[in-house]
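# A look at the structure
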Amino acid sequence: MQIYHHIRYAKAARFGEPELMPFDESMINDSKVVSCPQNKFRLGFIMGDGEQTIQDEDCHFLSIYTPSRYGNRPVLVWIHGGAYIAGSGGESAYDSAALGEEGDIVVVSVTYRLGVFGYLYNPDGTPQNLGLKDQMTALKWVHENISRFGGNPDQVTLAGQSAGGHSVASLISYCKEPYFRKAIIQSAPLGFQFGEKFLKKQYHEFLLLLGKPVTEATTAEMLVTQKRLMKASGKSMCFSPHVLDLGKEIACTSVEKVLITWQKDDTSPFVAMRLKHENCFGGAIDRLATRLSTWFVFKTMNRRYASFLKENGIEVLMHELSWRPEGSKFGACHCLELSLLFGSWERWKGTGMLGQTDEAEWKKHSQELRKKWLAFIK
């Protein structure tokens with residue numbers, strides 16, 4: 001498997017539109033992983049803390065995994081999750097070597113702008129939905145350049161998990177170009193959309209907390225203010241593509257088939273955080289809250305979205321992951337499928353969501369799930 005990190009797909013100034021960049025072989029740096037500036041990841045107690053990345057507002061990079069730079073393979077473009085405030089496409093949690101090798105496909109993982117840098121709503125004229133536009137620019141870069149890495153630009157599947165899955169649904173409603181024909185939406189909180197009134201109020205509250213124009217603030221000041229704003233709002237996902245109705249319009253008419261997935265106990269980590277039960281999760285109240293919130297946030301909203309897609313002539317498949325790892329008090333929780341699709345045993349062993357699972361059990365479920373995803377992609 002050939003792996004390439006730090007491939008630039010765009011450049012942008014703060015709050016500026018992304019500018020597509022041509023492919024430049026000399027810019028590849030396999031040892032450099034960049035992320036958009038972000039505060040500490042809140043799901044470390046189930047996923048592990050992961051490795052440190054270089055945080056920079058200049059974060060428009062791709063990672064590519066390919067069996068060979070010669071050929072015409074199906075392509076999977078991956079949009080990472082993290083509630084639109086955390087993560088990076090280049091980190092080890094999304095290592096796609098096994099997926100690419102087993103399926104003989106090319107995998108592209110995208111890093112994009114997060115939080116206030118990508119999704120702060122500005123009613124005063126600044127371009128909106130910049131993180132989503134970053135993703136769309138990455139898709140254009142893939143369309144124009146993936147053949148250099150052995151991929152077929154006419155056989156692209158767009159996939160994402162959590163905020164990444166929400167991004168995929170948003171792109172189906174937003175992107176008019178035929179950059180992908182299939183989509184995989186994993187554990188997407190599709191009901192989390194805020195109206196213009198809330199977004200305007202949030203913007204002015206951010207400015208008040210920041211105490212200066214956003215163009216004059218340092219990166220650190222922006223992050224501190226973002227953290228204060230989120231704490232004050234009490235909202236679980238303050239930042240996301242806005243003024244988009246995911247159940248009313250399909251702009252990307254090239255999409256023919258969509259796979260929608262979730263976990264049986266998807267919300268257990270969020271229930272644990274809400275009740276401050278990260279270290280003592282598992283009681284009757286925890287289980288009941290998980291069952292009810294998973295049913296509403298993921299099962300109900302995603303099934304409703306599936307019906308909308310079907311009404312518009314798109315074939316839809318659905319999948320629920322029900323495996324509960326031995327010794328994990330969080331069950332079949334949010335992010336569990338990531339440990340089966342991506343990364344290595346060394347990356348995932350000992351994490352809260354895998355509990356006492358051994359390598360043989362993990363490998364068995366990993367191979368089963370990758371086989372299902374690859375069948376859809378190919």
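Summary of the structure given here. Nothing here was measured: the structure is a model prediction, and the numbers come from that model.

Rules used in this analysis
Residues numbered from 1 in each chain as written. Predicted model: local features only at pLDDT ≥ 70, side-chain atom pairs only at ≥ 80, totals over all residues. Heavy atoms only, no water. Helix = DSSP H or I, 4+ residues; strand = E, 2+ residues; numbered from the N terminus. Expected span 1.5 Å × (residues − 1). Buried < 20%, exposed > 50% of the residue type's maximum accessible area, 1.4 Å probe, protein only. Core = buried A, V, L, I, M, F, W, Y, C linked by side-chain atoms within 4.5 Å. Contact = heavy atoms within 4.5 Å. Arc of directions from axis to C-beta. Patch = residues over 30% accessible without salt bridge, like charges linked within 9 Å, V, L, I, M, F, W, Y side chains within 5 Å. Areas by Shrake-Rupley, 256 points an atom, 1.4 Å probe, with all protein chains shown as cover. Salt bridge = Lys/Arg side-chain N within 4 Å of Asp/Glu carboxyl O. Lys, Arg positive; Asp, Glu negative; His and termini not counted. Charge placed at Lys NZ, Arg CZ, Asp CG, Glu CD. Phe/Tyr/Trp six-rings, centres within 6.5 Å; stacked < 30°, edge-to-face > 60°. Pairing = 2+ DSSP bridges. Axes fitted to C-alpha atoms, helices over the stretch in contact; angles between N-to-C directions. Right-handed = clockwise from strand over helix to strand, strands pointing away.

## What to know about helix 5 (residues 163-174)
Its 12 residues place the ends of helix 5 16 Å apart at the C-alpha level, agreeing with the 16 Å of an ideal helix rising 1.5 Å per residue. With 11 of 12 residues buried, helix 5 is to be regarded as a mostly interior element. What helix 5 keeps buried is the set A163, G164, G165, H166, S167, V168, A169, S170, L171, I172 and S173.

## As for the nonpolar core
By size, the foremost hydrophobic cluster in this structure holds 77 residues, and its most contacted members are I172, F180 and Y305. Among all residues touching F180, those that are not within four sequence positions of it are L139, V156, L158, L171, I172, C252, S254 and V255. Judged by nonpolar contacts, the second largest core, of 39 residues, contains A272, L321, L340 and L374.

## Let's talk about helix 6 (residues 196-210)
In this model helix 6 runs 21 Å from its N-terminal to its C-terminal C-alpha over 15 residues, within 8% of the 21 Å that 1.5 Å per residue would give. Within helix 6, the full set of buried residues consists of L199, Q202, Y203, F206 and L210. For helix 6, the buried positions fall inside an angular range of 100 degrees around the axis, keeping them on one side. Every exposed residue of helix 6 that faces more than 90 degrees away from the buried side is listed here: K197, K201 and L208. On its buried face, helix 6 sits against helix 3 (115-119) and helix 7 (219-233). Phi for G211, located one or two positions after helix 6, is positive at around 80 degrees.

## Some details on a negative patch on the surface
Among the surface-exposed residues, E326, D358, E359, E361 and E368 lie close enough to one another that they form a single negatively charged patch. Tracing the sequence through the fold places D358 in the loop between helix 11 (345-348) and helix 12 (359-377). Owing to a relative accessible area of 45%, D358 belongs among the partly exposed residues under this scheme.

## Regarding unusual backbone geometry
For Y84, which is not glycine, the phi torsion reads 65 degrees and is therefore positive. One can find Y84 in the loop between strand 7 (73-79) and helix 2 (97-103). In the Ramachandran plot, S162 falls in the positive-phi region, its phi being about 60 degrees despite a non-glycine side chain. For S162, a relative accessible area of 10% translates into the label buried.

## A few points about the packing of aromatic side chains
In this structure the tally under the stated criterion is 12 aromatic pairs. With 6.0 Å between their ring centres and 45 degrees between their planes, W78 and Y94 make a pair best called tilted. In this pair, W78 is assigned in strand 7 and Y94 in the loop between strand 7 and helix 2, connecting sequence segments 16 residues apart. Just as W78 is buried, Y94 falls in that class too.

## Things to note about the sheet that holds strand 7
Strand order in the open sheet formed by 8 strands is 1-6-8-7-9-10-11-12, and the pairing between neighbours is mixed. The open sheet has two edge strands with one neighbour each: strand 1 (2-8) and strand 12 (315-321). In this sheet, neighbouring strand axes are inclined to one another by 20 degrees on average, regardless of whether the strands run parallel or antiparallel. Taken together, the 5 bridges between strand 10 (residues 182-186) and strand 11 (residues 257-263) define a ladder with parallel strand orientation. Each bridged residue has a counterpart across the sheet, and for I185 the counterpart in strand 11 is I260.

## Comments concerning the pairing of strand 10
With respect to burial, strand 10 is a largely interior element, 5 of its 5 residues being buried. Side chains of strand 10 alternate between two faces, with K182, I184 and Q186 and A183 and I185 buried alike. Pairing of strand 9 (residues 151-161) with strand 10 involves 5 bridges; the strand directions are parallel. Within strand 10, the residue paired with L158 across the bridge is A183. Handedness of the crossover joining strand 9 and strand 10 through helix 5 is recorded here as right-handed.

## Some remarks on the pattern of salt bridges
Enumeration over the complete set of coordinates arrives at 15 salt bridges. Notably, a salt bridge pairs E256 with R181, separated by 3.9 Å at the nearest N-O pair. Here the residue E256 occupies a position in the loop between helix 7 and strand 11, and R181 occupies one in the loop between helix 5 and strand 10, the gap between them amounting to 75 residues. For R181, a relative accessible area of 33% gives the class partly exposed. We note a salt bridge from K201 to E205, for which the minimum N-O separation is 2.6 Å. Taken together, the positions of K201 and E205, both in helix 6 and 4 residues apart, correspond to about one turn of that helix.

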